[in-house]
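# Structural overview
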Amino acid sequence: MVKSAEFISSSSHYNQCPKPDRPEYAFIGRSNVGKSSLINLLTNRKKLAKTSSTPGKTQLINHFEINKQWYLVDLPGYGYAKVSKQLRGTFHKLITDYVLHRKNLMCLVVLLDSRLEPQKSDLDFMEFCGQNGIPFVMCFTKIDKLTSRQLEINLANYRSQMLEIWEDLPQIFSSSATAKIGQEELLNFIEETNGLFQK
């Protein structure tokens, strides 16, 4: 249950992030996958995270303090953001430095557009996480845009493609900011995981 949600800071380097003294969950995915919308759904705030129809709008590490107990983080999107090649390189370094060095990062929530077939940038990023021992879960977004049958087929495709290189798959969530689906499941997962945090 989210009682309070407050924007804390935007950082252009992981060293500038708030003190790593509480559990942290970062949301990441291709540009325009719906990160900000999902953050707003989880926190019951319409405009906590800025949403935009322009891919690549989030360009910094944005920290939100939840219930004064844990952090929720909005990371820049990867993939097809309409930004210069140089800036894309900067985003890449920003993201990799953050996920590799942020000590209090309990889990990455990798957002995937449920309407699309498995995308190379998503698969590559999850493989990078696996190789570096970074804990993550998968969360399929925009499921209200599909029939339950289509969703089933798309998720099955994803699973079978990932199992070609993965022995086990991470936990999988489904969400829709529009239809308000997935909020409870994700918050329950975070609450349970918070119990594992050690300063």
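Each remark here, short or long, concerns the structure printed above.
A brief look at the structure comes next.

Reading guide: rules and limits
- Residues numbered from 1 in each chain as written.
- Predicted model: local features only at pLDDT ≥ 70, side-chain atom pairs only at ≥ 80, totals over all residues.
- Heavy atoms only, no water.
- Axes fitted to C-alpha atoms, helices over the stretch in contact; angles between N-to-C directions.
- Helix = DSSP H or I, 4+ residues; strand = E, 2+ residues; numbered from the N terminus.
- Parallel < 35°, antiparallel > 145°, perpendicular 65-115°, else oblique.
- Left-handed = near helix turned anticlockwise from the far one by under 90°.
- Contact = heavy atoms within 4.5 Å.
- Nonpolar A, V, L, I, M, F, W, Y, C, P; charged D, E, K, R; others polar.
- Buried < 20%, exposed > 50% of the residue type's maximum accessible area, 1.4 Å probe, protein only.
- Polar contact = N/O pair within 3.5 Å; in protein donor to acceptor, adjacent residues only side chain to side chain.
- Pairing = 2+ DSSP bridges.

In this section: the packing of helix α3 (residues 120-131) against helix α4 (residues 148-162). Here α3 crosses α4 at 50°, and the two axes come no closer than 12 Å. In terms of axis orientation, α3 runs oblique to α4. Regarding α3 and α4, the two cross each other, and that crossing is right-handed. In this structure, α3 uses Asp122, Leu123 and Met126 to contact α4, whose residues at the interface are Tyr158, Gln161 and Met162. Considering only residue class, the contact of α3 with α4 consists of four nonpolar, one polar and one charged.

Topologically, His63 is positioned in strand β3 (residues 61-66). Judged by relative accessible area, His63 falls into the buried class, the value being 0%. Side-chain polar atoms of His63 contact the side chain of Glu24, separated by 3.0 Å. Not counting residues up to four positions away in its chain, the partners in contact with His63 are Glu6, Phe7, Ile8, Ser9, Cys17, Pro18, Glu24, Tyr71, Leu72, Val73 and Arg102.

On to helix α1 (residues 35-43). Of all the nine residues making up α1, eight are buried; the element is thus mostly covered by neighbouring parts of the structure. Within the sequence span of α1, burial applies to Lys35, Ser36, Leu38, Ile39, Asn40, Leu41, Leu42 and Thr43. Once α1 finishes, Asn44 follows within two positions and takes phi at roughly 60°, a positive value.

For the rest of this paragraph, the subject is the sheet that holds strand β4 (residues 70-74). Spatially, β1-β3-β4-β2-β5-β6-β7 is the arrangement adopted by the seven strands of the open sheet, whose pairing is mixed. Of all strands in the sheet, those with a lone pairing partner are β1 (5-11) and β7 (172-174), marking the two edges. Neighbouring strand axes in the sheet, compared pairwise and without regard to direction, differ in orientation by 25° on average. Pairing geometry for β1 and β3, over six bridges, is antiparallel.

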